[in-house]
Amino acid sequence: MRPEQILNAEGVELLAYWRLAESEPEHAAELLRLLALPRGARVVDLGCGTGRLAELCRPVRPDLHWTLVNVDHWQLAQAPDWAEVVAADMVATGLSAGRADAVVVAYALGYCNPVAVLEEAARLLAPGGQLVLHELYAARHDDQALAREVLGYRLASFPEVSLWAQLVGFDLVVALQDEHRAPGATVAGALPVFGRFDHSVAVFRLGDRGHSFRGRHAALQFSGGKDSQACLHLLRPFVELGLPVYWTHTGDTIPETVEVVEQARAWVPDFRVIQADVLAWKAAHGMPSDVTTAQSGWIGRQYGMSDVALVGRMDCCWHNLMRPMHERMLADGIDLVIRGTKRADTGRVPAVGATEHYEVLLPLLDWSHDDVFAYLDQVGAPRSPVYDTFRAISAPECLHCTAWWDDGKAAYLKQRHPEVLPEYRIGLQTIRAELARRMQELDDELSETE
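Thresholds applied
- Residues numbered from 1 in each chain as written.
- Predicted model: local features only at pLDDT ≥ 70, side-chain atom pairs only at ≥ 80, totals over all residues.
- Heavy atoms only, no water.
- Helix = DSSP H or I, 4+ residues; strand = E, 2+ residues; numbered from the N terminus.
- Rg over C-alpha atoms; globule rule 2.2 N^0.38 Å.
- Contact = heavy atoms within 4.5 Å.
- Areas by Shrake-Rupley, 256 points an atom, 1.4 Å probe, with all protein chains shown as cover.
- Salt bridge = Lys/Arg side-chain N within 4 Å of Asp/Glu carboxyl O.
- Buried < 20%, exposed > 50% of the residue type's maximum accessible area, 1.4 Å probe, protein only.
- Core = buried A, V, L, I, M, F, W, Y, C linked by side-chain atoms within 4.5 Å.
- Phe/Tyr/Trp six-rings, centres within 6.5 Å; stacked < 30°, edge-to-face > 60°.
- Lys NZ or Arg CZ within 6 Å of the ring centre and 35° of its normal.

Draft legend 1. Here's a closer look at the overall build of the protein. Regarding its fold elements, the protein presents 19 helices and 17 strands. For 450 residues, the compact-globule estimate of 2.2 N^0.38 gives 22 Å, and the protein exceeds it by more than 25% at 28 Å. Overall, the protein is about 95 × 45 × 45 Å in size when its C-alpha atoms are taken along their principal axes. Contacts in the protein between residues far apart in sequence, at least 24 positions, make up 71% of those at least 6 positions apart. Roughly 20800 Å² of accessible area belongs to the protein as shown, and the carbon and sulfur atoms make up 52% of that amount.

Here it is, written out as structure tokens:
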């Protein structure tokens, strides 16, 4: 006997463990009330099971036209003969675009890439059409693993799914807790598993604004740091569907970051490396420093005012990290750039939304540092050990960098790369000697004003 038949015998025909009302007909009526569909509306049920939802809705709204989509031929054979049935994968239905006023996905989202399901729903809907998600959710990695193992079902948290829906072009209308549990011994016996998951009914409306990925040339900029790592996992379904991930290797990237990057490369289908050579650039232009002098700059050295070549920290980062990434975005025709930048980093973000070059999307914009670490733990993402030492807003990019004095690099080198520490010390001493000479000149000049 199939699982559906066992559940049916115990009074469960919707194949859902929770619902909006005590009985299934009341659940269907409440769902119709939420949607408030116009007369003669067209509804597509993706992963429709046996089509029982359509049957329950028919006494209340006989004017609705239902299309039931399922790959399970046995389930489709149980569907009502008055509905259109389509034997197809719910991410590739073959149905015409814009044909539906509503799309229903009930206990089916986790059988496929969820973003692929959302994109197919968006394609099927007419402008302003509504999407119903009656789904299970799980935020923690261990609960998600349990769902995969026991149910063969892919779960995510509701905030993640809501974000994905927004990026596909939907706006959240309402989310309601489906508090009524289905009856029967089978449902009760499954509670040790199902009781660990969140669940709700949410209605989304297809909007005409937002960061829809459809028709866009988007790219995720990755650094291997905590924020870009969180961004990568937050958008994992998009990445799995081919969203390209770009990373700049400066030629001196710290080993711990390279390890994190290599772990990402193992599962990212389209990972693109931009290669720079910061060591050669520094040999030509000077050591990066948080404070520089006129004399140690390029023009000053042309006049022989100093034999120490210094460049600002941001100048070095721009030429060896940011600029190569930016130029690659332009060369590849990227029009939507996704980054892990947050307001909590410096209090202000340099770019968000439309710019003269491309649109910038910051999914973590209002996250705190603690939010990021909590999310990485939640999804089971690898966490770089550099964060056990560094006290700055982000980990350094380059092992031999002599700038970013406030990030605790000396402690990091002592702990993990002591062989680099002597060279680092000599670099700092050289910078300090150059600055000391200029500070003495400043003190002398200042004394003349007394």
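Additional details are given in the paragraphs that follow.
Draft legend 2. Representation of the pattern of salt bridges within the structure. Here the structure, examined in full by the defined rule, presents 31 salt bridges. The residue Asp142 makes a salt bridge to Arg140 at a minimum N-O spacing of 3.9 Å. The class of Asp142 is partly exposed, set by a relative accessible area of 42%. Overall, the relative accessible area of 45% leaves Arg140 in the partly exposed class. Note that Asp335 is salt-bridged to Arg216, the shortest N-O span being 3.4 Å. With Asp335 in the loop between helix H15 (313-331) and strand S15 (336-338) and Arg216 in the loop between strand S9 (198-206) and strand S10 (218-222), this residue pair connects regions lying 119 residues apart in the sequence. Judged by relative accessible area, which is 27%, Asp335 ranks as partly exposed. The exposure class of Arg216 is partly exposed, given its relative accessible area of 25%. Counted as one network, the salt bridges with shared partners bring together Lys226, Asp227, Lys342 and Asp345.

Draft legend 3. Inspection of the nonpolar core at higher detail. Ranked by size, the top nonpolar core spans 79 residues in total, and within it Leu46, Val103, Leu131 and Phe170 carry the most contacts. Once residues within four sequence positions are removed from consideration, Leu131 is found in contact with Val103, Val105, Leu118, Ala121, Leu125, Phe170, Ala202, Val203 and Phe204. Counting 25 residues, the second largest nonpolar core, distinct from the first, contains Leu53, Leu56, Cys57 and Val203.

Draft legend 4. Layout of the packing of aromatic side chains. This model, assessed by the stated rule, comprises ten aromatic pairs. Ring plane angle 50° and centroid distance 6.5 Å describe the contact between Trp18 and Phe194, whose orientation is recorded as tilted. One end of the pair, Trp18, is in strand S1 (residues 18-19); the other, Phe194, is in helix H9 (residues 191-194), with 176 residues separating them in the sequence. A relative accessible area of 8% means that Trp18 is categorised as buried. Plain terms: the ring middles of Phe373 and Tyr387 are 5.5 Å apart, the flat faces sit at 75° to each other, and that makes the pair edge-to-face. Placement of Phe373 in helix H17 (residues 369-379) and of Tyr387 in the loop between H17 and helix H18 (409-416) is noted, with a sequence separation of 14 residues between them. In this structure Phe373 comes out as buried when scored by relative accessible area, which is 18%. A relative accessible area of 14% means that Tyr387 is categorised as buried. Note that Arg58 overlies the ring of Trp82, its terminal NZ or CZ placed 4.1 Å from the centroid. Taking NZ or CZ as reference, Arg383 lies 4.1 Å from the ring centre of Phe373, over its face.

Geometric values such as these leave the question of function open.
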